[in-house]
Amino acid sequence: MTAQVDYLVVLFTTTSGASGELLGSDERELVQLVWQLVDIKNRKLGKVNELLIKPDLSDLTEEKEEEDVVEENVEEENGSKADCVFTATSLETALNLFHLQLTNEVNSAGAGTSVCLCTDGQLHIRQVIHPEATGKNILVPDCFYSFFDLRKEFKKHFPTSDLKAVNVHLMAESLSIPTDVPFTWDPSASLDPSVVMSADIAVQLVPVMSSIVHALLAQPFCHSFCNPERVSEKFETGTCSKMEKVCDSTVIRARGLPWQSSDQDIARFFRGLNIAKGGAALCLNAQGRRNGEALVRFVSEEHRDLALQRHKHHMGNRYIEVYKATGEDFLKIAGGTSNEVALFLSREDQIIVRMRGLPFTATHEQVLTFFSPGEGLKETCPVSGGKDGILFVRYPDGRPTGDAFVLFACEEHAHCALKKHKEILGRRYIELFKSTAAEVQQVLNRYSSAPLIPVAPAPLVSMLPTMSLLPPPGSMRDCLRMRGLPYTASIEDILTFLGEFTHDIRPHGVHMVLNQQGRPSGDCFIQMTSAERAIQASQRLHKHVMSSQHGTNSRYVEVFPCSAEEMGLVLMGGSLSHTHTHTHARTRSGTGLSPPPCLSPPSYSFTPAPPVLSAEAAAALYPPMGQVLLSPRPLPPGHAYYPASAQLYMNYTAYYPSPPGSPTTVGFFPSPSLSSPAGLVRMPGLTYSNGVKDLINAVQGYQSPMESISLLSSSLIGQSSGGDAPLMSLPALLTKPEGQYMDLTLL
């Protein structure tokens, strides 16, 4: 609409809740509509009309109901200052009555046909009428999809005014418009914007707004009302390139969405605000399932700010949290670079359905047959475009993942297709979900990405001497491995299970094994005083039943003898197969051992690295303080300790020792292959906030006189990196006249 309209409808709304800049932020219902028709050509004003809406009291308390009744009685006694007063029992009736009265008034004037609303700000249309109508499944008349913002029209002639500070009182004062309205209606004068606005004030505000319109139309402004604000009637799907620039001030993160919600549901939640094309992106978790979060991109910062006011508004029975996000966050989820995906998503007005659990041998013909109507069924769900409407998700090497996306021409066909949820294709049942363009990009980006660690970062443990991860033959098997423990079993339960062998356990020799989530894995290692007692315990207690004091479940427990090296390997992240622990013919391929995920395989050795500083330079750099300070750490050029051509993936089934089972000495990790007596300790699962002092506090109970402690890490600078273990050399505990202490000047 570029030409000036014939009529303006000055509209003002009030709810049963907050007013002013917080109007509509509390999800309260609309209770009053006040409007006046302005004839732009003839400079005439129509009647002031008031429409009272009886609020839905189903969600209000009895106390609030009594307050509403009292206020309504007062209004009836005092009467209204409007020329015409109407009442309605519901929002749907009120909107239809408003549209009917407005149409009759325009037809009776006969000066034109084009009509547009004019409101004081954006909130009346975007935050009140559209959200409430959408929540109640009410069809909004077409006149509510375009409107003029009187504040923006005023700012065109007063550019120095702050748009957020502009209100009816300021506009009337700037245009020298006399008013008899009390000063209390000025929003800036109210200390509490959550106060409910009186119905009389709304009736008095509308004539003032009409006078402002007349003043803008007259000399010297001669304002022309054209190019009104638009409210999007439908969310447009589309694609987003990773190279596209997305402004940080236009993106929000919505959290708490129902798992079955789609991008259309998100657009419905933000109805009244304009979402950019393809601007709703659902987030997936590590398993490829929706995690209840979404990133939404709006057309402007103004709409983003209005979206933030819907924090903790409801979608069904759930409230949705709304926070600020960045353009980078949105591109990580919705951005894509694949031409195949771009071509697949280029077909507009298509409904996407995701198929999960497909046989790896599934073909396009089988998918088309799956969605073809069965015998005796009249409902059809043809795939849009035939084979071109099917997109299989594959790994970078071309292997299928079992996922696919299918296009349908309309909602009816998609709804019919979703009825085939968990039907059989081949020998597998297929899961069907309504999907989005952003989810297609996200799934394709995840599966087509490079392997987790195709080439290991360098150097991880370059300073360590070459060592084999496999225990040497002939190691003394003076430890026990217990497998299949009840998950509620405690150390006391284990000691009770061992019975007479409890006296043969070394001090602090019980080590519970936890999984990545910090929960018991069902495994346990016990250090015995001798190999003979370990063998006797395994023979007597193997497959006996253990009961837990903290639970009712009882399980039989497998007991095997093992060596301290094998125990240390498992606690450091490796795995151990008990089927090979009784054999003495131990080879590299038959030990049942697998190396920890972050350490070098034994077949790759490291060349000795020259020191970074010479002895003279080191002596000049570090003052002589005895043996407190260590030599500078050599950092040789990086090299891949895994073959560059191998596609290796991280082993996420590593085990971790629990703190209560920690021994008082690091000597339970014997490492005879090291060049110097030391203990090798791996500390996975550190958070990003862990510092050196935290690591020292974690090992301060370990007694290690005159030996140094080495902590492994995959970080080159000694910083913790999330799931990786720290790598740094700590100085030894030294004995001084004052006692043992640790020098922290290096840390």
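This text follows the structure it describes.
A brief structural summary. (Residues numbered from 1 in each chain as written. Predicted model: local features only at pLDDT ≥ 70, side-chain atom pairs only at ≥ 80, totals over all residues. Heavy atoms only, no water.)

**Digging into the sheet that holds strand S12 (residues 313–315)**
Part 1 of the reasoning: Strand order in this open sheet of 5 strands is S10-S11-S9-S13-S12, and the pairing throughout is antiparallel. For this open sheet the edge positions go to strand S10 (275–284) and S12, each flanked by a neighbour on one side alone. Ignoring strand direction, the axes of neighbouring strands in this sheet form an average angle of 30 degrees.
Part 2 of the reasoning: Sheet topology places strand S9 (residues 251–255) next to strand S13 (residues 318–324); 4 bridges connect them, and they run antiparallel. From the neighbouring strand, isoleucine 252 faces S13, where its bridge partner is lysine 324.
Part 3 of the reasoning: Sitting on the sheet, helix H9 (residues 327–334) touches S9, S10 and strand S11 (290–298), and the angle it makes with S10 is about 70 degrees.
Part 4 of the reasoning: Each of S10 and S11 is contacted by helix H13 (residues 437–447), which is oriented at about 50 degrees to S10, the strand it contacts most. (Pairing = 2+ DSSP bridges. Helix = DSSP H or I, 4+ residues; strand = E, 2+ residues; numbered from the N terminus. Axes fitted to C-alpha atoms, helices over the stretch in contact; angles between N-to-C directions. Contact = heavy atoms within 4.5 Å.)

**Things to note about the pairing of strand S16 (residues 390–394)**
Two faces make up the sheet, and in a regular strand the side chains alternate between them.
Part 1 of the reasoning: Of all 5 residues making up S16, 4 are buried, and the element is well covered by its neighbours.
Part 2 of the reasoning: Pairing analysis gives 4 bridges linking S16 to strand S17 (residues 400–408), with the strands arranged antiparallel. From the neighbouring strand, isoleucine 390 faces S17, where its bridge partner is valine 406.
Part 3 of the reasoning: Linkage of S16 to S17, two consecutive antiparallel strands, is achieved through a turn of 5 residues, within which glycine 398 is found at a positive phi near 95 degrees. (Buried < 20%, exposed > 50% of the residue type's maximum accessible area, 1.4 Å probe, protein only.)

**Some words on the packing of aromatic side chains**
Part 1 of the reasoning: Under the defined criterion, the tally for this structure stands at 11 aromatic pairs.
Part 2 of the reasoning: Taken together, the ring pairs in this structure connect Trp35, Phe86, Phe98 and Phe144 into an aromatic cluster.
Part 3 of the reasoning: Cation over ring: arginine 555 sits above tyrosine 487, and NZ or CZ is 5.8 Å from the ring centre. (Phe/Tyr/Trp six-rings, centres within 6.5 Å; stacked < 30°, edge-to-face > 60°. Lys NZ or Arg CZ within 6 Å of the ring centre and 35° of its normal.)

**Considerations on the sheet that holds strand S1 (residues 7–15)**
Part 1 of the reasoning: Taken together, the 7 strands give an open sheet; going across it, the order is S4-S3-S2-S1-S5-S6-S7, and neighbouring strands pair in mixed fashion. Each of the sheet's edge strands pairs with one partner strand only, and the pair in question is strand S4 (84–88) and strand S7 (229–230).
Part 2 of the reasoning: Pairing of S1 with strand S2 (residues 30–39) involves 9 bridges; the strand directions are antiparallel. Across the sheet, threonine 14 pairs through a bridge with glutamine 32, a residue of S2.
Part 3 of the reasoning: Against the sheet, helix H3 (residues 123–135) makes contact with S1, S2, strand S5 (115–119), strand S6 (146–149) and S7, and its axis sits at roughly 70 degrees relative to S1, the strand it touches most.
Part 4 of the reasoning: Sheet strands in contact with helix H6 (residues 199–217) are S1, S2, strand S3 (44–53) and S5, and its direction is about 25 degrees off that of S2.

**A word on the side chain of histidine 124**
Part 1 of the reasoning: With respect to the secondary-structure elements, histidine 124 resides in helix H3.
Part 2 of the reasoning: Apart from residues no more than four positions distant in its own chain, histidine 124 is found in contact with Phe12, Thr13, Leu23, Thr119 and Ile129.

**Points about the side chain of glutamine 32**
Part 1 of the reasoning: Among the secondary structure elements, glutamine 32 is positioned in strand S2.
Part 2 of the reasoning: Separated by 2.9 Å, the side chains of glutamine 32 and threonine 14 make a polar contact.
Part 3 of the reasoning: Here glutamate 50 takes part through its side chain, which lies 2.7 Å from a polar atom of the side chain of glutamine 32.
Part 4 of the reasoning: Beyond its immediate chain neighbours, meaning those up to four positions away, glutamine 32 contacts Phe12, Thr13, Thr14, Glu50, Leu51, Leu52, Ala199, Ala202 and Val203. (Polar contact = N/O pair within 3.5 Å; in protein donor to acceptor, adjacent residues only side chain to side chain.)

**Quick look at H13**
Part 1 of the reasoning: Counting buried residues in H13 gives 8 out of 11 residues, a clear majority hidden from the surface.
Part 2 of the reasoning: Those residues of H13 that sit buried are Ala437, Ala438, Glu439, Val440, Gln441, Gln442, Val443 and Leu444.

**Here we look at H9**
Owing to its 3.6 residues per turn, the α-helix aligns residues three or four sequence positions apart on the same side.
Part 1 of the reasoning: Along H9, the residues that are buried comprise Gly327, Phe330, Leu331, Ile333 and Ala334. Burial along H9 is one-sided: seen end-on, the buried residues are contained in an arc of 165 degrees. In H9, the exposed residues that point more than 90 degrees away from the buried face are Glu328 and Lys332.
Part 2 of the reasoning: Tucked inside the fold, the buried residues of H9 contact strand S8 (240–241), S9, S10, S11, strand S14 (335–336) and H13. (Arc of directions from axis to C-beta.)

**Quick word on the nonpolar core**
Part 1 of the reasoning: Of all hydrophobic cores here, the largest spans 52 residues; its most connected members are Leu11, Leu51, Phe98, Phe144 and Phe270.
Part 2 of the reasoning: A per-element tally of this core places helix H2 (residues 91–109) first, with 7 residues.
Part 3 of the reasoning: Residue contacts for phenylalanine 98: discarding those within four places in its chain leaves Val9, Leu11, Leu33, Trp35, Leu51, Leu117, Cys143 and Phe144.
Part 4 of the reasoning: Among the nonpolar cores identified, the runner-up in size contains 34 residues, and Ala172, Ile201, Val206 and Ala215 belong to it. (Core = buried A, V, L, I, M, F, W, Y, C linked by side-chain atoms within 4.5 Å.)

**What about the environment of lysine 41?**
Part 1 of the reasoning: Along the chain, lysine 41 falls in the loop between S2 and S3.
Part 2 of the reasoning: Given the relative accessible area of 55%, lysine 41 is considered exposed.
Part 3 of the reasoning: As a C-alpha pair, lysine 41 and tyrosine 7 span 34 residues in sequence and 8.1 Å in three-dimensional space.
Part 4 of the reasoning: Among the polar contacts listed, one links the side chain of lysine 41 to the side chain of aspartate 6, at a separation of 3.3 Å.

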